[in-house]
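Summary of the model geometry
Here are the chains, one letter per residue:
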Protein chains: 4
Amino acid sequence: MNLHSAVLAPERQIESTSLRDRLVATRALSAALAKPLSDEDQVVQVMDDASPTKWHLAHTTWFFEAFLLKRFLADYRVFDERFEYCFNSYYESVGARHPRPKRGLLTRPAAQEVRAYREFVDAALDRLFDTALTPEAAELIELGINHEQQHQELLLTDILSLFAAEPLKPAYRETAPGVAVGEAAALSWLPFDGGIFELGHDGKGFAYDNEGPRHEGLIGPFKLANRCVTKAEWMEFIADGGYATPTLWLADGWNIVRGQDWGAPLYWEEAEGGAAQMSLNGYRPIDPAAPVTHVSYYEADAFARWAGYRLPTEFEWEMAAGSVPLEGRTLGSGHLQPMAAGPGAGLKQMIGDVWEWTGSAYLPYPGFRAAPGAVGEYNGKFMCNQFVLRGGSCATPEGHIRRTYRNFFYPHQRWQFTGLRLAQDA
Amino acid sequence: MNLHSAVLAPERQIESTSLRDRLVATRALSAALAKPLSDEDQVVQVMDDASPTKWHLAHTTWFFEAFLLKRFLADYRVFDERFEYCFNSYYESVGARHPRPKRGLLTRPAAQEVRAYREFVDAALDRLFDTALTPEAAELIELGINHEQQHQELLLTDILSLFAAEPLKPAYRETAPGVAVGEAAALSWLPFDGGIFELGHDGKGFAYDNEGPRHEGLIGPFKLANRCVTKAEWMEFIADGGYATPTLWLADGWNIVRGQDWGAPLYWEEAEGGAAQMSLNGYRPIDPAAPVTHVSYYEADAFARWAGYRLPTEFEWEMAAGSVPLEGRTLGSGHLQPMAAGPGAGLKQMIGDVWEWTGSAYLPYPGFRAAPGAVGEYNGKFMCNQFVLRGGSCATPEGHIRRTYRNFFYPHQRWQFTGLRLAQDA
Amino acid sequence: MNLHSAVLAPERQIESTSLRDRLVATRALSAALAKPLSDEDQVVQVMDDASPTKWHLAHTTWFFEAFLLKRFLADYRVFDERFEYCFNSYYESVGARHPRPKRGLLTRPAAQEVRAYREFVDAALDRLFDTALTPEAAELIELGINHEQQHQELLLTDILSLFAAEPLKPAYRETAPGVAVGEAAALSWLPFDGGIFELGHDGKGFAYDNEGPRHEGLIGPFKLANRCVTKAEWMEFIADGGYATPTLWLADGWNIVRGQDWGAPLYWEEAEGGAAQMSLNGYRPIDPAAPVTHVSYYEADAFARWAGYRLPTEFEWEMAAGSVPLEGRTLGSGHLQPMAAGPGAGLKQMIGDVWEWTGSAYLPYPGFRAAPGAVGEYNGKFMCNQFVLRGGSCATPEGHIRRTYRNFFYPHQRWQFTGLRLAQDA
Amino acid sequence: MNLHSAVLAPERQIESTSLRDRLVATRALSAALAKPLSDEDQVVQVMDDASPTKWHLAHTTWFFEAFLLKRFLADYRVFDERFEYCFNSYYESVGARHPRPKRGLLTRPAAQEVRAYREFVDAALDRLFDTALTPEAAELIELGINHEQQHQELLLTDILSLFAAEPLKPAYRETAPGVAVGEAAALSWLPFDGGIFELGHDGKGFAYDNEGPRHEGLIGPFKLANRCVTKAEWMEFIADGGYATPTLWLADGWNIVRGQDWGAPLYWEEAEGGAAQMSLNGYRPIDPAAPVTHVSYYEADAFARWAGYRLPTEFEWEMAAGSVPLEGRTLGSGHLQPMAAGPGAGLKQMIGDVWEWTGSAYLPYPGFRAAPGAVGEYNGKFMCNQFVLRGGSCATPEGHIRRTYRNFFYPHQRWQFTGLRLAQDA
């Protein structure tokens, strides 16, 4: 099974698919994503924020074992009792676990044994489907699918961060269809009226707990850029001394710019013949028309200030997203990197290409309560010090993104496919 | 001039006072607050977050010199050109400056010379008032007064942090009027209706730029606790294992709890005969009825979760504060520590005693733009990673607090007079 | 080729072997030592001090390529020009190199490619032997053999440090011949007269530059323990509060004891049924009769003080070693861990089992000059802050140890097979 | 009492002075050295290695109280029981103490109170002399005098490090007699024969325990430079790329050179009109003829290698020092900075001007045993990781230096008056 056939088609199709089929497809996609990587590639952890590929493969499997099979499949025996210590990520309720910064030390269990673990758990999940699935179990399977999809995106961004740190700069994929230099639509502004709007997920179909409760929000009139900020525009920012002008920056951001000597997005280097950037398709010249990516919140915020605009709030973004179809260049498009917006009118790139930093801190919605038990640790305990990103990226699996989806990262983090779209008051 | 006579009366009185009188009184209060301290006490910096007393005295003086006298007083000559490097805090637009973590190295200029610097600048300000004051100058004087008032509170909390770190545990003030053990009103709940409200400062009289623009906000119905959380209630939290239960905590908070071995509010120790806490009045037994103070956002949030409630948003707080007079035990009350709420019905302690953590991230209000120039660095560049606190404390100078006032600190910081009030959805 | 057949016989035999045979055998031994390890095991770096197995395999190969083949083999073409950056260890004269703490990021070149690199270089070395070997080339081959032998020992201690850090605690070798619990000879003392002695290598046969020049040294009369300190004796030290008594320790050592909470040798844990220690033979109960190992200089020094004795100087050790045959349980013995001294009279364990910390700082001998060029960086630039160890260990390849051999490590380091032997003034 | 009258005459004179007089003079000198400093200057700690002036004044006083008065003066009552915690430096046997890096937090006790503490203890010491002094007490007084003298030198180097870190760069002494630019004798070499020599202190008169036991040492023939390396010579080293040539450096040193961006001795800066260096006499142009100072062992070693020579061993130095009188420009000369060697033949500057790094690691002499009890912690526990310096400096009090005196610092430390003299094999 290669990457392309493994990637599922867009959301509408998925909704018509059975839970069982989607589980199988999701599990298969993880394996397919790991396929181009050697066992050596899969074991190394390049930084605390990232995890080894093998760890992603095992942790997503443990998630099903710990939260589903042990509770709902009679007579289920865990594959290896020691794996819970190795592959629990951050569930304090579950118990002690291997420290996050040391995930890269786990040469054992071997990649081969992790693959066997996946097959063992897949077989058990198959048996579980042959029983009468309780609604709670079905919900947990849905959560497990979405959880694994999140890790699929992380698997890709983590391996990119590893490969970018290697002197030989290997490519995850040697050749890439459609990675020709494109052309971006000219910047234009879409106006939106203000008013009271319903925000957050309405509870139909799956959503993470942090997307609710659905609630009313008051939004003023605003305008949103038709597309994401491009690399060409970012080059202007650099050329204009953007990284050397403290008054453009939040104080915390400026400390990092100086302390870590930032002068461009992550993975971006001056190279012979112009700037180049490491990507999943290898170390390649920069496509000026493509959305800028691998920028932190600090950089996005400074750019917007430099440009005379601002970032949208997550509510503005969500409201605006209601006006366009839920489609875009996500993982299934096969690009593995953000692509130029292309010509034509209207709101573009809301879905896919790059996650868009919003100016909204990641906080609970009014009335939010985390679920009881370990699953309640999924989202709620991170509602502090992070900013919300919307819209998914070129590495987000099909069917995973929603208009209400709230991704979140710390404002200094850059290793995800993070970009930005400008906004302004009407 | 002693502390009590130096402290100005409550806000209403102040508003009837002239700008010139208020400037004189503010400048005099700083000197009075430093009076109980030796020159040695005034030079040391206990941690990066805190500044030496002498530095506060000089920096507030430099603020008037740099932003006012140099521009508006003809023929003004700076006291010492080298002081700008020494006493600029964080104004990137102004130029290079002594690194913040090294403020405690400045044994020179001597405290005596800083006092002479204050007198020199005070005399110049006096001369400035004898000229026709432009509105811009008057505005900057107002800003300078408020700026100095902020530093008066910091001067007190910084000296407390120093004295708490000294083995001899000196008291800032040896005896304290009215620091008897009090009684707190029983916890009760005040209901507030939801709706669309005007929030932020209306532009009449002075306010910081971050308090505006005034704008509409949608608030759901909620209930607010009649008073702040007490130390007695905090003891229950401790006794119930609050600091040992990870599921009560935000993930970032739990990392600090474990990494720094937190088990109680800052300055709070097990002592013979029960808990004791370092305070400006010395190392003293804990008053169970007094509001808990020196807690971080993480602790406030964990406590609220443990209690089954939540923190109010800054908008809920502001709306509720409109229902009570703008008065409370601030610096002028002379307690120098938070006091028990006392018996009786209604909303208590909204003003003074302790700053109240809200659940709101410190972000710009819709339409916020920082002022141009160095003054624009005052607030805007810190709108990231911090949480809003409301209401002032026992160390906030008279006339400084407003219902729209937005204080902000990082969620791990504890050396201010920070406490909390509970809220719940209606 | 398995480990046992790969390991060469003792030194005397080796000396009669040709340079070419020894080169082939040494190169084969490295491959054999890596054999029990998966490619995943070979890529990970557990700490800055350690290197991945794959890196050892490639670096020792690069050593021959850089210092020998490029200079002496006509028409030699390097295997891959980028490898010099990847696998240069610390030769500043050679040029830029991959930072040491990031050796574990090198998932590429793959282990398979490194094996091909070894074969490529081995073939070239073979061709070189078919030419007329200049004395300088022969000397460099000898150096390369010894260099690779050093890395063989590091390969083993580094993999042990990795496996000890893994939750599954894998064994490098599953079963071990002869790892039965033994019996140690009783402690007794061998007396040595003082006088002026010749110390250092006499220049006959290979030695590192740091072993010379041979020079006279004045040694006072002393006594040396007949064997190394045992684990049973170390248990007494622990039981007597050795790790809790500051006056036994050097100040720098005590700082580490407290800062890192040391309470036993490295890899040593309280386990059910008594102490256990991770070893190349897995996680196993401690053999009380075996020499203590994985102790730092600080611990060795504190133990000696506690026991009322001291460590020998490197000169005392060398002089005493002249009285016994150059044989012991080194790598060829196949134990892979230090073994009990066994009964009988006389000086035991001088060679093999554990490296013995001496009380001598690692400094140049009188008249020492480093060789010109990159090879001169081999030893000289480390003559600071380290202590000398003597005698080789259970992981030292056959033929590598000499009586004049000076090993050196920082006083806090513990991941080598380091132990101690007591001395006292006569 | 000013600095000059306080400073005692050279050693011979001292030996004829009574213990009581020397104690009084030593105590008075400490007070005199602190005199030019404000109380603010005396409280601040600029780095972990340095201590505040006030702390030196109190600690040396506590030393007499703890080790002498409490034991030997009947009915002695300590001045303040809490001072032991505050002013114990590193005596583990005595008990808990204020952490070294926090010595600068002690604004209390006030400088005035520390002065009163000194007077209190001085009076008690006076009473003690009126009793029949036991030999043990006399020995401890001698130790206390020497201990205080060591702190006098530290007091000066520590205040220099503070003043150098202040933007206003204050001078410890405003004008300096005799700090004219001088002329250095040309470099020449004094030859010394080899042989067996007696080294270490012979036990007549006071010496630190680390100077003994006296023992025989074998020294080869060598030559010693007639004077210390000058700043002019150091400028050549800089101009020749000394700080940019890795092969000149020990590996640990090179790491620091790059990590801390060293390019000149400490306090040395490019200034208008040539290099300038902060000194106790203020920020002044560099005197090319004066000995280089504030260099680390790493720099001294690299310079010697660059020059084609080496550092002497401490034994070579001691043997050579036997050939010249025990006199030189120490503290009593009043220069407060090293001075040019001046013309003329023979060995110069062995005593005073700058401490001379030797190539000898600081280790115990054969047969060394630390004294029992707390006093035994004075020297022995530091015999690791440091290098020996010989000869005293411009800040060493009169009568304190001996030919057998072993000073020791870590190889990276530069804030003492450290320089070097070259040596070579004969």
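Look above for the structure.
Since the model is a prediction, treat every value here as computed from it, not as a measurement.

**Things to note about the pattern of salt bridges**
Summed over all chains, the structure comprises 108 salt bridges over all chains. With its nearest N and O atoms 2.8 Å apart, the salt bridge here joins R310 of chain A to D425 of chain A. Of this pair, R310 of chain A sits in the loop between helix 11 (297–307) and helix 12 (314–321) while D425 of chain A sits in strand 12 (residues 423–425), and the two are 115 residues apart along the sequence. Since its relative accessible area comes to 23%, R310 of chain A is described here as partly exposed. Relative accessible area serves as the criterion here: at 39%, D425 of chain A is assigned to the partly exposed category. With its nearest N and O atoms 2.6 Å apart, the salt bridge here joins K381 of chain D to E377 of chain D. Taken as a pair, K381 of chain D and E377 of chain D share a single burial class, namely buried.

**Thoughts on helix 3 (residues 19–34) of chain A**
Compared with an ideal rise of 1.5 Å per residue, which puts 16 residues at 22 Å, helix 3 of chain A spans 23 Å between its outermost C-alpha atoms and is within 8% of the ideal. All of the buried residues in helix 3 of chain A are L19, R22, L23, A25, T26, R27, L29, S30, A32, L33 and A34 of chain A.

**Observations regarding the interface of chain D and chain B**
Contacts between chain D and chain B engage 28 residues on the former and 28 residues on the latter. Both sides together, the interface formed by chain D and chain B hides about 2300 Å², and carbon and sulfur atoms give 62% of it. Ranking the residues of chain D by area buried against chain B places E40, R108 and L168 of chain D at the top, with a combined share of 34%. Seen at the junction of chain D and chain B, the total is four salt bridges. Taking the shortest distance from any N to any O, the salt bridge between E40 of chain D and K54 of chain B comes out at 2.6 Å. Between the two partners, chain D and chain B, sit 12 residue pairs in polar contact (both at pLDDT 80 or more). For the side of chain D that touches chain B, the elements supplying multiple residues, two or more each, are helix 4 (39–43), helix 6 (83–87) and helix 8 (135–165) of chain D.

**Focus: the relation of the copies chain C and chain A**
Placing chain C over chain A gives an RMSD of 0.0 Å and needs a rotation angle of 180 degrees, together with 0.0 Å of translation along the axis. The superposition operator between the copies reduces to a two-fold rotation axis. Among all residues of chain C, the minimum C-alpha distance to the rotation axis is found for E40 of chain C, at 2.4 Å. Take the interface residues of chain C: 100% of them recur as interface residues in chain A, which is what a same-surface contact looks like.

**A word on the interface of chain C and chain A**
On the side of chain A, 29 residues touch chain C, which itself brings 28 residues to the contact. For the pair chain C and chain A, the two sides together bury roughly 2300 Å², of which 62% comes from carbon and sulfur. If you look at where chain C meets chain A, you find four salt bridges. The interface formed by chain C and chain A includes 12 residue pairs in polar contact (both at pLDDT 80 or more). Within the residue set of the side of chain C that touches chain A, elements represented by two or more residues are helix 4 (39–43), helix 6 (83–87) and helix 8 (135–165) of chain C. Ranked by residues supplied to the side of chain C that touches chain A, first place goes to helix 4 of chain C with four residues. Taken together, the residues of the side of chain C that touches chain A sort by class into 17 nonpolar, four polar and seven charged.

**A closer look at the packing of aromatic side chains**
Residues and elements named next belong to chain C. Applying the stated rule across the entire model yields 140 aromatic pairs over all chains. Aromatic pair Y297 and W357: ring centres 5.7 Å apart, planes at 70 degrees, arrangement edge-to-face. A residue pair is termed long-range when its members are at least 10 positions apart, and Y297 in helix 11 (residues 297–307) and W357 in strand 8 (residues 355–361) qualify at 60 residues. A relative accessible area of 4% places Y297 in the buried class.

**Some words on the sheet that holds strand 9 (residues 387–390) of chain D**
Residue and element names in this part refer to chain D. One open sheet accounts for four strands, arranged 10-9-8-11; its pairing is mixed. Taken across any chain shown, the strands that pair with only one partner, and hence form the sheet edges, are strand 10 (407–409) and strand 11 (418–419). Bridge count for strand 8 (residues 355–361) against strand 11 is two bridges, and the pairing is parallel. Paired with E356 across the strands is G419, a residue of strand 11.

Parameters at a glance
Residues numbered from 1 in each chain as written. Chains lettered and ligands numbered in written order. Predicted model: local features only at pLDDT ≥ 70, side-chain atom pairs only at ≥ 80, totals over all residues. Heavy atoms only, no water. Salt bridge = Lys/Arg side-chain N within 4 Å of Asp/Glu carboxyl O. Helix = DSSP H or I, 4+ residues; strand = E, 2+ residues; numbered from the N terminus. Buried < 20%, exposed > 50% of the residue type's maximum accessible area, 1.4 Å probe, protein only. Expected span 1.5 Å × (residues − 1). Contact = heavy atoms within 4.5 Å. Buried area = accessible area lost by both parts, 1.4 Å probe. Polar contact = N/O pair within 3.5 Å; in protein donor to acceptor, adjacent residues only side chain to side chain. Least-squares fit on C-alpha atoms with pLDDT ≥ 70 in both. Nonpolar A, V, L, I, M, F, W, Y, C, P; charged D, E, K, R; others polar. Phe/Tyr/Trp six-rings, centres within 6.5 Å; stacked < 30°, edge-to-face > 60°. Pairing = 2+ DSSP bridges.

The values reported here are purely geometric and, on their own, carry no functional implication.
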